[in-house]
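An overview of the molecular structure
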Amino acid sequence: MLCMPIKNANGAIQGVSLLVNKIDGSAFNKNDEDMFEAFAIFCGMGIHNTKMYEKVCRAVAKQRVALETLSYHATAPSEEAQRIKKLPVPTSNELGLLKFSFSELRMTEDETLLAAMRMFLDLDLLNKFRINYETMCRWLLSVRKNYRNVTYHNWRHAFTVAQTMFAIIKSGGMKNVLTDIEVMCLMVACLSHDLDHRGTNNNFQVMIESPLAQLYSTSTMEHHHFDQCIMILNSKGNEIFMNLNPEEYTNAIRLLEHAILATDLAVYFKSRGEFFHIVEEQKCEWNEDDQRELLRGMLMTACDISAISKPWDVQKEIAKLVFGEFFEQGDLERQQLNKVPDDMMNREKRDLLPKMQVGFVDAICLPCYESLTKVNDKMKPLLDMCQSNRNNWQHLATISTQQMEEKESIKGSAEEKDIDESETSLSTGKSQGAPPRKK
Ligand SMILES: [Zn+2]
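Here the residue numbering is sequential within each chain, running from 1 through the sequence in written order. Local features are withheld for residues below a pLDDT of 70 in this predicted model, meaning they are given only at 70 or higher, and side-chain atom pairs are given and counted only at 80 or more; totals for whole chains, interfaces and linings count all residues. The basis for every side-chain value is the complete set of heavy atoms in the structure, and neither hydrogens nor water enter the calculation.

**Topic: the overall build of the protein**
Starting at the N terminus, helices and strands are each numbered in turn, a helix being any DSSP run of H or I of at least four residues and a strand any DSSP run of E of at least two. Looking only at helices and strands, the protein features 18 helices and two strands. Using C-alpha atoms as the atom set, the radius of gyration is obtained and then compared with a globule rule of 2.2 Å times the number of residues to the power 0.38. Computed over C-alpha atoms, the radius of gyration of the protein comes to 28 Å, more than 25% over the 22 Å expected from 2.2 N^0.38 for 439 residues, which places it beyond the range of a compact globule. Expressed along its principal axes, the backbone C-alpha trace of the protein runs to roughly 100 × 65 × 50 Å. Partly exposed residues are those whose accessible area sits between 20% and 50% of the maximum for their type, while under 20% is buried and over 50% is exposed, using a 1.4 Å probe and protein chains only. By residue count, 49% of the 439 residues in the protein fall in the buried class. Every residue pair with non-hydrogen atoms within 4.5 Å of one another is taken to be in contact. When contacts within the protein are restricted to residue pairs at least 6 apart in sequence, those whose partners lie at least 24 apart make up 73%. Method for areas: the Shrake-Rupley scheme with a 1.4 Å probe, in which residue coverage is limited to the protein chains shown. When the accessible surface of the protein is totalled, it reaches about 22,700 Å², and 53% of it is carbon and sulfur. The convention is simple: Lys and Arg are positive, Asp and Glu are negative, and His and the chain ends are not counted. Lys charges are placed at NZ, Arg charges at CZ, Asp charges at CG and Glu charges at CD. Once the 51 positive and 61 negative side-chain charges of the protein are each reduced to a mean point, those two points are 4 Å apart.

So, in structure tokens, the structure goes:
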């Protein structure tokens, strides 16, 4: 008899293999023992793989169940879609949707939804892609439902980003450059680009080692926004892409993925050099796929940061929300990671806010809008407003620096002032969070 233990990867015994009586009747020798040992190792690996495979199968099944449940609860009920379906949709002019200076700050929730519908109607997308009106209502409601109630990266932000895209297409001269499917995907991508945002950035996901960061090491949140977008598009009653043929559908998903990932500023920094180059050298060939892709990415960034190109009153309000969310992340970093947050996320450094805004405009916004203005002069209002807001922030930064110096010199403790009172710094935080809105 020859016996051999079967071990797992950790060396623990899983079982025993046994040989009894060789056919030729001779005794087992050293050679048999070595061969049998090798055999037992393979047995161990086989058992290990089988167990792993069973585990994976169970995990996949569990994930499917979770996804089914999630997609049921995540999508809007059909009754809600039927209610919205009956409401009249105001015109673009009534809503001011064609203007780059548009603001949603005083709109009701229903109004934002109807305005989103108006944009799809005016772009003739329901007709062109044979989208059922009720399905469109339900998809919009589901998208809105999947934004969390965070200070800045919420449905209102997504809606505003989509409105800027609409204005760029209709008033910014991009209608003739973009194809129907591109227009459709850019609009869907704008509304979906921050789905399920948690009010914390990619870096934070990495720092707290969130499951999302394990799943995606780069563009962590953007990959998640795209996944959520697909989840909604695939949910029953929300399938606005249902009537695309398989080829169109594959193309649409590719366009969506690219557009949503393009909203990661790290991606913008990586691709903008090439875009600026072709624009600068007047080498724009919009019939070339690579160049169109760069253009679509740049348009997504232009829309995502378009709060900076709103009238000063609106820009101030939104900057409050943006920094409110940043400071909340800073607070979490202090609590959970025992870390002093970067200046941008640090409540105690809020006097630097105007200066940080100037830095943001110079490094990110102005180059983007300057290049798009070169693509089409009709997008110049974005550049002009951005420039004008930069001047306002610069003015506040100068006053703020002077005040800090005075503070230093008299060594007194000055009380914090809200921008509405002092116009020099922004107070932010949940308590003063969102501006008043109609219910
Ligand atoms: Zn965004």
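**What to know about the packing of helix H6 (residues 133-145) against helix H8 (residues 180-192)**
Helix axes are fitted to C-alpha atoms over the stretch in contact, other axes to C-alpha atoms as well, and angles between N-to-C directions run from 0 to 180 degrees. Contact pair H6 / H8: the axes reach a minimum separation of 10 Å and the direction vectors enclose 35°. In contact with Trp 139, Leu 140 and Val 143 of H6, H8 contributes Val 188, Leu 191 and Ser 192.

**As for the side chain of Thr 301**
Inspection of the secondary structure assignment puts Thr 301 in helix H14 (residues 289-304). Among residues more than four places away in sequence, those in contact with Thr 301 are Ala 262, Leu 265, Tyr 268 and Cys 368.

**Points about the packing of helix H11 (residues 220-233) against helix H12 (residues 246-261)**
Orientation of H11 relative to H12, taken along the N-to-C sense of each, is 145°, at an axis distance of 9 Å. Seen from above, H11 lies across H12 with right-handed handedness. Here Glu 222, His 223, His 225, Phe 226, Cys 229, Ile 230 and Leu 233 of H11 lie close against H12, whose contacting residues are Ile 253, Leu 256, Glu 257, Ile 260 and Leu 261. Classes in brief: Ala, Val, Leu, Ile, Met, Phe, Trp, Tyr, Cys and Pro nonpolar; Asp, Glu, Lys and Arg charged; the others, Gly included, polar. Of the residues belonging to the contact of H11 with H12, the class tally is eight nonpolar, two polar and two charged. A crossing counts as left-handed when the near helix is turned anticlockwise from the far one by less than a right angle, and as right-handed when that turn is clockwise.

**Remarks on the nonpolar core**
Here, the term nonpolar core denotes a set of buried Ala, Val, Leu, Ile, Met, Phe, Trp, Tyr and Cys residues that are joined through side-chain atoms within 4.5 Å. Formed by 114 residues in total, the largest nonpolar core has its most connected members in Phe 120, Trp 139, Met 187, Phe 241, Leu 256, Phe 275 and Tyr 369. No other element matches the 11 residues that helix H16 (residues 353-375) contributes to this core. Other than its neighbours up to four places away in sequence, Phe 241 contacts Met 184, Cys 185, Val 188, Leu 233, Tyr 249, Ala 252 and Leu 256. In terms of nonpolar packing, the next biggest core, distinct from the first, is built from five residues, Met 4, Ile 6, Phe 36 and Ala 40 among them.

**Thoughts on the domain arrangement of the protein**
Each domain's extent was defined by an automatic or database domain assignment. Taken domain by domain, the protein holds domain 1 (2-73) and domain 2 (78-422). Spacing between the C-alpha centres of domain 1 and domain 2 amounts to 52 Å.

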